[in-house]
Amino acid sequence: MTQTILVTGGCGYIGSHTVVELLQADHKVVILDNLCNSSAKVIERIKAIVQIKDQTHAEGNTLANDDSLTFIEGDIRDEALLKQIFITHPITSVIHFAGLKAVGESVSKPLEYYNNNVYGTLCLCQAMNKANVKTIVFSSSATVYGEDAPVPYNEAMPMGNTSNPYGTSKAMVEKMLADQCTADPQWRVAQLRYFNPIGAHKSGLIGEDPKGIPNNLLPYISQVAIGKRKELSVFGGDYPTPDGTGIRDYIHVVDLAKGHLKALNHIQQPSEKKKGEKGQGEHIWNLGTGQGYSVLEVIRAFEQASGKNIPYQIKPRRNGDLAAFWADANKAKAELNWVAAYTLNNMVSDSWRWQSNNPNGYS
Ligand code: NAD
Ligand code: UDP
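Just so you know, the residues in each chain are numbered from 1, in the order the chain's sequence is written. Labels follow written order: the first chain is A, the first ligand is 1, and so on. Per-residue local features are limited, in this predicted model, to residues with pLDDT of at least 70; the limit for side-chain atom pairs, both in listing and counting, is 80 or more; totals at the level of whole chains, interfaces and linings are taken over all residues. Excluding hydrogens and water, the side-chain values take into account all heavy atoms of the structure.

A.B. asks: I tried to follow the overall build of the protein on my own but got confused; where do I start?
C.D. replies: Runs of H or I in DSSP of at least four residues are treated as helices and runs of E of at least two as strands, each being numbered from the N terminus. The helix and strand tally for the protein stands at eleven helices and 13 strands. In terms of overall dimensions, the protein has a C-alpha envelope of 55 × 55 × 40 Å along the principal axes. Counting all 363 residues of the protein, 52% fall into the buried class. Whether two residues are in contact is decided by their heavy atoms, any of which lying within 4.5 Å being enough. When contacts within the protein are restricted to residue pairs at least 6 apart in sequence, long-range pairs at least 24 apart make up 79% of them. All accessible areas in this document rest on Shrake-Rupley with a 1.4 Å probe, and a residue is counted as covered only by the protein chains that are shown. By element, 49% of the accessible surface of the protein is carried by carbon and sulfur atoms, the whole surface being about 16,600 Å². Taking the 35 positively charged and 36 negatively charged side chains of the protein as two groups, their mean positions are separated by 1 Å. Buried, partly exposed and exposed residues are distinguished by accessible area as a fraction of the type maximum, computed with a 1.4 Å probe on protein chains only: under 20%, between the cut-offs, and over 50%, respectively. Asp and Glu are treated as the negative residues and Lys and Arg as the positive ones, with His and the ends of the chain left uncounted. Charged groups are reduced to one reference atom each: NZ for lysine, CZ for arginine, CG for aspartic acid, CD for glutamic acid.

A.B. asks: Honestly, the side chain of N117 in this entry has me stumped. Any pointers?
C.D. replies: Along the polypeptide, N117 turns up in helix 5 (residues 110-131). With residues near it in sequence (within four places) discarded, N117 still touches G99, L100, Y166, S169 and V173.

A.B. asks: Before we go on, may I ask you to explain the sheet that holds strand 2 (residues 28-33) in this structure?
C.D. replies: Each strand in a sheet pairs with another by means of backbone hydrogen bonds, the pair being arranged parallel or else antiparallel. Any two strands are treated as partners once DSSP identifies two or more bridges connecting them. Pairing is parallel in the open sheet, where seven strands are placed in the order 3-2-1-4-5-6-11. Edge strands, defined here as strands with exactly one partner in the open sheet, are strand 3 (69-73) and strand 11 (281-287). On average, each strand axis in the sheet is tilted by 15° relative to the strand beside it, whichever way the strands run. Relative to strand 2, strand 1 (residues 4-8) runs parallel, the two being bridged by five bridges. Bridge assignment links I5 to a residue of strand 2, and that residue is V29. Angles run from 0 to 180 degrees between N-to-C directions of axes, and those axes are lines fitted to C-alpha atoms, restricted for helices to the stretch in contact. Packing of helix 6 (residues 165-183) onto the sheet brings it into contact with strand 5 (135-141), strand 6 (188-194) and strand 11, and relative to strand 5 it is tilted by some 150°.

A.B. asks: Explain the site of ligand 1 to me, please; I cannot follow it from the model alone.
C.D. replies: Near ligand 1 you find 27 residues, and of these I14, D33, N37, S38 and Y166 are the closest. Nitrogen and oxygen atoms within 3.5 Å of one another constitute a polar contact, given that in protein one can donate a hydrogen and the other can accept it, and given that sequence-neighbouring residues count only through two side-chain atoms. Between ligand 1 and N37 there is a distance of 2.7 Å, counted from an oxygen atom to a side-chain nitrogen or oxygen. Within the backbone of I76, a nitrogen or oxygen atom sits 3.1 Å from a nitrogen atom of ligand 1. Coverage of ligand 1 by the protein chains reaches 95% of its 820 Å² of free accessible surface. Where the shell around ligand 1 is concerned, the elements lending two or more residues are helix 1 (13-24), strand 5 and helix 6. Each residue receives one of three labels: charged for Asp, Glu, Lys and Arg, nonpolar for Ala, Val, Leu, Ile, Met, Phe, Trp, Tyr, Cys and Pro, and polar for the others, Gly being one of them. Grouping the amino acids of the shell around ligand 1 by side-chain chemistry returns eleven nonpolar, eleven polar and five charged. For this purpose, a residue is taken to be near a molecule or strand whenever a single non-hydrogen atom of the residue falls within 4 Å of it.

A.B. asks: Please explain the site of ligand 2 as it appears in this structure.
C.D. replies: With respect to spatial proximity, 14 residues lie near ligand 2, and among them S233, F235, R248, R318 and D321 are the closest. Take F235: an N or O atom from its main chain is 2.9 Å from an oxygen atom of ligand 2. A distance of 2.7 Å separates an oxygen atom of ligand 2 from a polar atom in the side chain of R248. Taking 510 Å² as the accessible area of ligand 2 by itself, protein coverage stands at 87%. Per-element tally for the shell around ligand 2: the top contributor is strand 8 (residues 232-235), with four residues. Along the lines of polarity and charge, the residues of the shell around ligand 2 split into six nonpolar, five polar and three charged.

A.B. asks: Sorry, what's going on with the packing of helix 1 against helix 2 (residues 41-50) here?
C.D. replies: Look at helix 1 against helix 2: their axes get within 10 Å of each other, and the N-to-C directions meet at 35°. Judged by the sense of rotation from one axis to the other, the crossing of helix 1 with helix 2 is right-handed. Residues S16, V19, V20, L23 and Q24 of helix 1 touch helix 2, and the partners they reach there are V42, I46, I49 and V50. For the contact of helix 1 with helix 2, a count of residues per class yields seven nonpolar, two polar and no charged. Note on convention: the crossing is left-handed when the near helix lies turned anticlockwise from the far helix by less than a right angle, right-handed when the turn is clockwise.

A.B. asks: When you look at helix 7 (residues 217-225) in this model, what are you seeing that I'm missing?
C.D. replies: The periodicity of an α-helix, 3.6 residues per turn, causes residues three or four positions apart to be oriented the same way. Across the nine residues that make up helix 7, a large majority, nine, are buried. When we look at burial in helix 7, the residues that qualify are L217, L218, P219, Y220, I221, S222, Q223, V224 and A225. Its buried side turned inward, helix 7 meets strand 7 (196-198), strand 8, strand 10 (250-252), helix 9 (295-306) and helix 11 (344-357). One or two residues past the end of helix 7 sits G227, with phi positive at roughly 95°.

A.B. asks: Honestly, the environment of V107 in this entry has me stumped. Any pointers?
C.D. replies: As for its position among the elements, V107 is in helix 4 (residues 103-108). It is 6.0 Å that separates the C-alpha atoms of V107 and P165, two residues lying 58 residues apart in sequence.

A.B. asks: Explain the pairing of strand 5 to me, please; I cannot follow it from the model alone.
C.D. replies: Within a regular strand, side chains alternate between the sheet's two faces. The element strand 5 is largely enclosed, with a buried count of seven among its seven residues. Alternating residues of strand 5 divide into T135, V137, S139 and S141 and I136, F138 and S140, and every residue in both groups is buried. Note: strand 5 against strand 6, seven bridges, orientation parallel. The residue of strand 6 that forms the bridge with S139 is L192. Chirality of the crossover, the property in question, places the unit of strand 5, helix 6 and strand 6 among those that are right-handed. By definition, the crossover connecting two strands over a helix is right-handed if that path, from the first strand to the second, turns clockwise as seen with the strands pointing away from the viewer.

A.B. asks: Where do I start with unusual backbone geometry in this structure?
C.D. replies: The general pattern is negative phi for most residues beyond glycine and trans for most peptide bonds. Residue P152 is bonded to the preceding V151 through a cis peptide linkage, with omega at -5°. A positive phi angle, close to 60°, is found at N132, a residue other than glycine. Summarising the element assignment, N132 is placed in the loop between helix 5 and strand 5. Unusually for a residue other than glycine, N337 sits at a positive phi of about 55°. Looking at where N337 falls in the secondary structure, it is placed in the loop between helix 10 (330-336) and helix 11.

As structure tokens, this is what we get:
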């Protein structure tokens, strides 16, 4: 059934890929994004992928889809705007990506992170409550398991001690949403704990476009490959891992995007009167592959896919980094029938296609 879904942060990396999947599943999408970490150009790219034509360029009567994507430039903390959006559009649910995500920056600007990520989500939820829209999929992170959790991480583990304001902001929002579910059983919440999203849409039209020097591994490797950066610093060669470098659970962003549709579908299932209600309340799912790769393995895979040499130097460990973690992905498989389909080779090939087709991202 076609629905209208509000996607906050829909111009960003994961949001844009999810919007493509939603449109391809015949949903209508309203994007709310303040463009603080993205470009409005992504809208044209999304339209090109799903072949929506602009009304202004309309010819003939082939434009049944034209109202399927609406972009609103604005902030989730703008209460009047949110109210207006819920009045204007028949929104049934929200997928909430909007937020700040740079771990290091969160340490130096904690107030900005709590303001955007926690207060911003509070504003969004209050507006949803007033509009009687009580279904939300939230972008959480594996970081909420904290520093001491044993691997693989599974959803039954308690949240741990987060080591930076970014991680704490995610844990705080999870708790807030859980409390709201307890208070009002009409709320339906999916807390999706992402592992390490990489890759790009196979069209090469959308992908990750970090501003400034990339913090994350894949954008950094891609910029070395394209010649923008001289060499990669590998943070730590003395971890207790087989090759001494850090291990993460990398997941293709399109697999991640598809996980959102499955999660939304699950929490929208009609509730049953008896025990075992399916959709209502709080649900937590890891979105990862269940398989970890080291930094050196990722470099080798990228070199093979791109045919480029990636010079690197082993440097000291980065503050706050963990040695190795990956997902127990069984709960999402059992409950959502979702498993990651793409291999590491697919991920790095798609990252490279995006980077080589768009050396300067969207600009
Ligand atoms: P991104 O920065 O590419 O996308 C976030 C989008 O939100 C951007 O387009 C930005 O302009 C927008 N935004 C930020 N604050 C806003 C506000 N107040 N109002 C409106 N729009 C706002 O990041 P991403 O990688 O796509 O991540 C999406 C979500 O997933 C974030 O919440 C992030 O914390 C979470 N997450 C990301 C990762 C990752 O590795 N990329 C891992 C775990 C969780
Ligand atoms: N990493 C690295 N060099 C970089 C960026 C990252 O060696 O320039 C390593 C990092 O130490 C970690 C892995 O790559 O082991 C993934 O880091 P990323 O920042 O992409 O994700 P995180 O898991 O920290 O969220």
